[in-house]
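For reference, the chains in residue letters:
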Amino acid sequence: MERISPPLTGDERETLRAYLDYHRATLAWKCEGLTDEQLRRASMPPSTLSLLGLVRHMAEVERHWFRRVVGGEELPHLWSDSHDFQAAYDASGSSRAEAFTAWQEEVAHGRRIEAAAESLEVTAYVPRWEETASLRLVMLHLIHEYARHNGHADFLREAIDGVTGA
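Going along each chain's sequence as written, the residues are numbered from 1 onward. Thresholds applied to this predicted model are a pLDDT of at least 70 for local features of residues and 80 or more for the giving and counting of side-chain atom pairs; totals over whole chains, interfaces and linings are not thresholded and use all residues. In computing side-chain properties, one takes all heavy atoms of the structure into account and sets aside hydrogens as well as water.

Engineer: Describe the overall build of the protein, with residues and values.
Structural biologist: Every helix listed is a DSSP run of H or I at least four residues long, and every strand listed is a run of E at least two residues long, numbered separately from the N terminus. Across its full length, the protein carries 5 helices and 2 strands. Along the protein, helices and strands appear, N-terminal first, in the series α-α-α-α-β-β-α. For the radius of gyration, the atom set is restricted to C-alpha positions; the globular benchmark scales as 2.2 Å times the number of residues to the power 0.38. For the protein, the C-alpha radius of gyration of 16 Å lies close to 15 Å, the compact-globule estimate for 166 residues. Projected onto its principal axes, the C-alpha coordinates of the protein cover approximately 45 × 40 × 25 Å. Type-normalised accessible area, obtained with a 1.4 Å probe on protein chains alone, sets the label of each residue: buried when under 20%, exposed when over 50%, and partly exposed for intermediate values. Out of the 166 residues in the protein, the part that is buried amounts to 45%. Considering only contacts in the protein between residues 6 or more positions apart, those separated by 24 or more positions represent 69%. Residue burial considers only the protein chains on display, and all accessible areas are found by Shrake-Rupley using a 1.4 Å probe. Only carbon and sulfur atoms are counted for the fraction: they give 53% of the accessible area of the protein, which is about 8800 Å². Think of it this way: Lys and Arg go in the positive column, Asp and Glu in the negative one, and His and the chain ends go nowhere. A charge is said to be at NZ when it belongs to Lys, at CZ for Arg, at CG for Asp and at CD for Glu. In the protein, 18 side chains carry a positive charge and 27 a negative one; their mean positions are 2 Å apart. Two residues qualify as a contact provided that any one of their heavy atoms is within 4.5 Å of a heavy atom in the partner residue.

Engineer: Run through the packing of aromatic side chains, naming residues and quoting values.
Structural biologist: Ring pairs are drawn from Phe, Tyr and Trp, using the six-membered ring of Trp, whenever the two centres fall within 6.5 Å, and their geometry is named by plane angle: stacked under 30 degrees, edge-to-face over 60, tilted for the rest. Taken as a whole and judged by the stated rule, the model has 2 aromatic pairs. Measuring from ring centre to ring centre gives 5.2 Å for tryptophan 65 and tryptophan 129, while their planes differ by 50°; the resulting arrangement is tilted. Of this pair, tryptophan 65 sits in helix 3 (residues 51-70) while tryptophan 129 sits in the loop between strand 1 (123-126) and strand 2 (131-134), and the two are 64 residues apart along the sequence. By relative accessible area, which is 4% here, tryptophan 65 ends up buried. For tryptophan 129, a relative accessible area of 34% corresponds to the partly exposed category.

Engineer: Outline the pairing of strand 2, supporting the account with residue identities and numerical values.
Structural biologist: Two strands form a pair only when DSSP identifies at least two bridges running between them. Inspection of the sheet shows strand 1 paired to strand 2 by 4 bridges, in the antiparallel sense. Looking at strand 2, one finds that threonine 123 is bridged to serine 134. Here strand 1 folds back onto strand 2 in antiparallel fashion, the turn holding 4 residues, of which glutamate 130 has a positive phi close to 55°.

Engineer: Go over the pattern of salt bridges, please, and point to the residues and values.
Structural biologist: Every case where a carboxyl oxygen of Asp or Glu lies within 4 Å of a side-chain nitrogen of Lys or Arg is listed as a salt bridge. Within this structure, the stated rule accounts for 14 salt bridges. For the salt bridge of arginine 136 with glutamate 12, the shortest nitrogen-to-oxygen distance reads 2.6 Å. Taken as a pair, arginine 136 in helix 5 (residues 135-161) and glutamate 12 in helix 1 (residues 12-31) lie far apart in primary sequence, 124 residues in all. With a closest N to O distance of 2.7 Å, arginine 111 and aspartate 21 form a salt bridge. Taken together, the residues span a long stretch of sequence, with arginine 111 in helix 4 (residues 96-116) and aspartate 21 in helix 1 at a distance of 90 residues. On the accessibility criterion, arginine 111 (41% relative accessible area) is partly exposed. Through salt bridges with shared partners, one network takes in Asp21, Arg24, Glu62 and Arg111.

Engineer: Please provide a residue-by-residue account of the environment of proline 6, values included.
Structural biologist: Residue position: proline 6 is located in the segment before helix 1. The exposure class of proline 6 is buried, given its relative accessible area of 16%. A sequence separation of 14 residues divides proline 6 from leucine 20, and the C-alpha atoms of the two residues are 9.1 Å apart.

Engineer: Please provide a residue-by-residue account of the packing of helix 3 against helix 4, values included.
Structural biologist: The relative placement of two packed helices comes down to the angle between their axes together with the axis-to-axis distance. Helix axes are fitted to C-alpha atoms over the stretch in contact, other axes to C-alpha atoms as well, and angles between N-to-C directions run from 0 to 180 degrees. The interhelical angle for the contact between helix 3 and helix 4, taken along N-to-C directions, is 30°, at an axis separation of 8 Å. The orientation of helix 3 with respect to helix 4, classified from their angle, is roughly parallel. Classified by chirality, the crossing of helix 4 by helix 3 is left-handed. Along the contact surface, helix 3 presents Leu52, Val55, Arg56, Met58, Ala59, Glu62, Arg63, Phe66, Arg67 and Val70, while helix 4 presents Arg96, Glu98, Ala99, Phe100, Ala102, Trp103, Glu106, Val107, His109, Gly110, Ile113 and Glu114. Here the angle decides the label: under 35 degrees means roughly parallel, over 145 means roughly antiparallel, 65 to 115 means roughly perpendicular, and every other value means oblique. Crossing handedness follows the turn of the near helix against the far one: under a right angle anticlockwise gives a left-handed crossing, and clockwise gives a right-handed one.

Structure (structure tokens):
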């Protein structure tokens with residue numbers, strides 16, 4: 001899989017988009033070539049973290065920040081009736097097709113919402129924080145979230161088949 005390299009001299013928005021896409025591609029790359037069973041394999045007890053669980057979680061994160069917060073849509077969670085982000089981590093009954101389809105759809109929505117925003121200065125109310133936040137902060141938050149979980153994905157992938165590298 002080829003990942004886009006963030007520009008060395010791009011403007012702020014172009015750079016944020018590129019870094020977010022870079023991290024999205026990194027998660028997909030970490031899952032490349034694995035079976036559903038391998039993707040569902042948990043790290044080590046007591047953790048139930050798996051690569052497929054990370055993909056599902058990031059679908060929920062994309063959905064929440066871009067569609068609910070920035071887009072103002074009232075949407076249920078994909079894998080929880082009680083607004084539990086942690087439910088996405090339970091990929092025991094999931095497949096690559098189910099998880100990746102949901103994730104890719106949410107990424108597409110996120111890209112559309114971000115591109116339609118007038119600027120990075122656009123703000124939206126974040127109920128959990130009881131504050132408004134800019135699109136800039138949302139994009140930085142997503143980059144942070146992917147970077148953190150891609151570190152987990154590195155260890156999960158290495159434990160499955162020894163593949164390393166970022």
